[in-house]
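Residues per chain are reported as follows:
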Amino acid sequence: GNLLAGKRGLIMGLANNRSIAWGIARAAADQGAELAFTYQGDALKKRVEPLAKELGSKVVLPCDVSDAASMDAVFAELERVWGKLDFFVHAIAFSDKAELDGRYVDTTEKNFSQTMLISCYSFTALAARAEKLMSDGGSMLTLTYYGAEKVMPHYNVMGVAKAALEASVRYLAADLGKTGIRVNAISAGPIKTLAASGIADFRYILRWNEYNSPLRRTVSIEDVGGSALYLLSDLSGGVTGEVLHVDSGYHVQG
Ligand code: 0WD
């Protein structure tokens with residue numbers, strides 16, 4: 001297909017071939033997009049580089065979103081090599097594993113701030129930088145979870161951060177719409193990735209979703225990739241500020 005032919009996109013949050021970012025990147029590359037990737041720290045470099053190469057990407061850069069200079073460096077390099085950007089995907093979240101268990105009320109100030117910074121503020125910080133490369137419009141996409149809307153077991157402070165992230169999607173959409181930039185989120189059902197392995201009882205959560213969603217199955221990174229294609233391409237030209245549930249319909253029933 002060629003839904004994204006001629007478009008250049010930045011994918012952030014690829015950790016390995018089970019990452020949601022990988023499902024989105026593969027779908028985008030399949031539709032003709034030219035991609036750049038970032039990885040967090042040297043440990044992930046050796047995992048991300050071969051994956052990027054597999055999709056023909058020549059731009060693979062380090063980025064820690066808790067460091068402003070590191071984000072600046074990414075966009076300076078994209079400006080140098082591409083001059084413009086058509087889309088970017090933010091598939092990044094972090095919280096202290098110890099707090100994805102027990103009670104939300106026991107959250108520490110330190111982990112609350114860190115979770116909000118990396119899982120919520122970073123999307124806004126990156127949007128501000130990406131805007132400068134999107135003078136002819138563009139599409140920005142982040143990943144969220146139902147724990148933003150309803151209390152979900154063990155999601156705790158991450159649910160609070162995702163609620164703030166979903167609100168920031170709406171405010172960013174309002175700010176950036178005048179220049180044709182669209183800002184949306186996908187609320188994905190649970191998928192067994194590296195980040196998810198930090199959540200206690202995750203296997204049980206997967207099974208619960210399988211039994212209690214209209215489609216009677218969990219979703220895959222390919223499901224998320226397919227829906228991302230719609231939001232990243234001109235097919236969704238009239239859509240902004242939206243949170244699209246890719247969760248086998250769990251949110252209407254669960
Ligand atoms: O069930 C799931 N897996 C769901 C995930 C359901 C609904 C939403 N999501 C969201 C996550 O909250 C996240 O926002 O999707 C996004 C992608 O998550 P993923 O694909 O499940 O997880 P993973 O493959 O682990 O990638 C997330 C990556 C990190 O990996 P690890 O596991 O090493 O933390 O986010 C990156 C990192 O590569 N990351 C950072 N990148 C730059 N700077 C930072 C940072 N400070 N912190 C984490």
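What comes next is a walk through the structure. These figures come from a predicted structure and were not determined experimentally.

### Some thoughts on the overall build of the protein
Scanning the protein for helices and strands turns up 8 helices and 7 strands. Relative to the compact-globule value of 18 Å for 254 residues, the protein shows a C-alpha radius of gyration of 17 Å, a close match. Each principal axis of the C-alpha distribution contributes one length, and for the protein these read about 45 × 40 × 35 Å. Split into buried and exposed, the 254 residues of the protein put 52% on the buried side. When contacts within the protein are restricted to residue pairs at least 6 apart in sequence, those whose partners lie at least 24 apart make up 75%. Summed over all atoms, the accessible surface of the protein reaches about 11,900 Å², with 52% contributed by carbon and sulfur. For the protein, the distance from the average site of its 26 positive side-chain charges to the average site of its 28 negative ones is 4 Å.

### So, the environment of Met12
Turning to its location among the elements, Met12 is positioned in strand 1 (residues 8–12). Separated by 27 residues in sequence, Met12 and Tyr39 place their C-alpha atoms 7.0 Å apart. The residues contacting Met12, other than those within four sequence positions of it, are Thr38, Cys63, Val65, Phe88, Val89, His90, Ala91, Ile92 and Leu126.

### Things to note about the environment of Thr193
The topology assignment puts Thr193 in the loop between strand 6 (181–188) and helix 6 (202–212). On a C-alpha basis, the gap between Thr193 and Ala15 in space is 9.1 Å, while along the polypeptide they are 178 residues apart. Once residues within four sequence positions are removed from consideration, Thr193 is found in contact with Arg18, Ser19 and Ile20.

### So, helix 6
Within the span of helix 6, buried status applies to Phe202, Ile205, Leu206 and Asn209. Burial along helix 6 is one-sided: seen end-on, the buried residues are contained in an arc of 100°. Across helix 6 from its buried face, at more than 90 degrees, point the exposed residues Arg203, Tyr204 and Tyr211.

### Remarks on the nonpolar core
One finds Ile11, Ile24, Leu35, Phe37, Phe87, Ile186 and Val224 to be the most contacted residues of the largest nonpolar core, which totals 38 residues. Of all the secondary structure elements, the ones that give two or more residues to this core are helix 1 (20–30), strand 2 (34–39), helix 2 (42–54), strand 4 (87–90), strand 5 (138–144), strand 6 and helix 7 (221–232). Looking at this core, the element that brings in the most residues is helix 1, giving 8 residues.

### Regarding the pairing of strand 4
The alternating pattern of strand 4 places Phe87 and Val89 and Phe88 and His90 on opposite faces, both of which are buried. Pairing of strand 1 with strand 4 involves 4 bridges; the strand directions are parallel. Directly across from Leu10, in strand 4, lies its bridge partner Phe88. Examined bridge by bridge, strand 4 and strand 5 share 4 bridges and lie parallel to one another. In the sheet register, His90 faces strand 5, and the bridge partner there is Thr142. In this view, the connection linking strand 4 to its parallel neighbour strand 5 by way of helix 4 (residues 109–131) has right-handed handedness.

### Quick notes on the packing of aromatic side chains
Applying the stated criterion across every chain, the model contains 4 aromatic pairs. Centre to centre, the rings of Phe88 and Phe123 are 5.7 Å apart; their planes meet at 40°, and the pair counts as tilted. Of this pair, Phe88 sits in strand 4 while Phe123 sits in helix 4; the two residues are 35 residues apart in sequence, bridging distant segments of the chain. What makes Phe88 buried here is its relative accessible area of 0%.

### Some details on empty space enclosed by the protein
The gaps left among the atoms become clear once a water-sized probe is rolled over them. As enumerated under the stated definition, the model contains 2 cavities of 30 Å³ or more in all. Within this model, the largest cavity holds a volume of roughly 60 Å³. Together, Tyr145, Tyr146, Met152, Ser187, Ala188, Gly189, Pro190, Asn209, Asp247 and Tyr250 line the largest cavity. The residue makeup of the lining of the largest cavity, split by class, is 6 nonpolar, 3 polar and 1 charged.

### Focus on the site of the ligand
The local shell around the ligand holds 27 residues, among which Ser19, Ile20, Ile191, Thr193 and Ala195 are the closest. At 3.4 Å, a backbone N or O of Gly13 approaches an oxygen atom of the ligand. The contact in question runs from an oxygen atom of the ligand to an N or O atom on the side chain of Thr193, over 2.4 Å. More than half of the atoms of the ligand fall within 2 Å of the grid points belonging to the largest pocket. Taken together, the residues of the shell around the ligand break down into 19 nonpolar, 6 polar and 2 charged.

Criteria and cut-off values
Residues numbered from 1 in each chain as written. Predicted model: local features only at pLDDT ≥ 70, side-chain atom pairs only at ≥ 80, totals over all residues. Heavy atoms only, no water. Helix = DSSP H or I, 4+ residues; strand = E, 2+ residues; numbered from the N terminus. Rg over C-alpha atoms; globule rule 2.2 N^0.38 Å. Buried < 20%, exposed > 50% of the residue type's maximum accessible area, 1.4 Å probe, protein only. Contact = heavy atoms within 4.5 Å. Areas by Shrake-Rupley, 256 points an atom, 1.4 Å probe, with all protein chains shown as cover. Lys, Arg positive; Asp, Glu negative; His and termini not counted. Charge placed at Lys NZ, Arg CZ, Asp CG, Glu CD. Arc of directions from axis to C-beta. Core = buried A, V, L, I, M, F, W, Y, C linked by side-chain atoms within 4.5 Å. Pairing = 2+ DSSP bridges. Right-handed = clockwise from strand over helix to strand, strands pointing away. Phe/Tyr/Trp six-rings, centres within 6.5 Å; stacked < 30°, edge-to-face > 60°. 1 Å grid on protein atoms, 1.4 Å probe; cavity = no way out; pocket = protein on both sides within 12 Å on 5 of 7 lines; lining within 4 Å. Points joined across faces, edges and corners; volume = space filled by probe spheres on them. Nonpolar A, V, L, I, M, F, W, Y, C, P; charged D, E, K, R; others polar. Near = heavy atom within 4 Å. Polar contact = N/O pair within 3.5 Å; in protein donor to acceptor, adjacent residues only side chain to side chain. Sits in = over half its atoms within 2 Å of the grid points.

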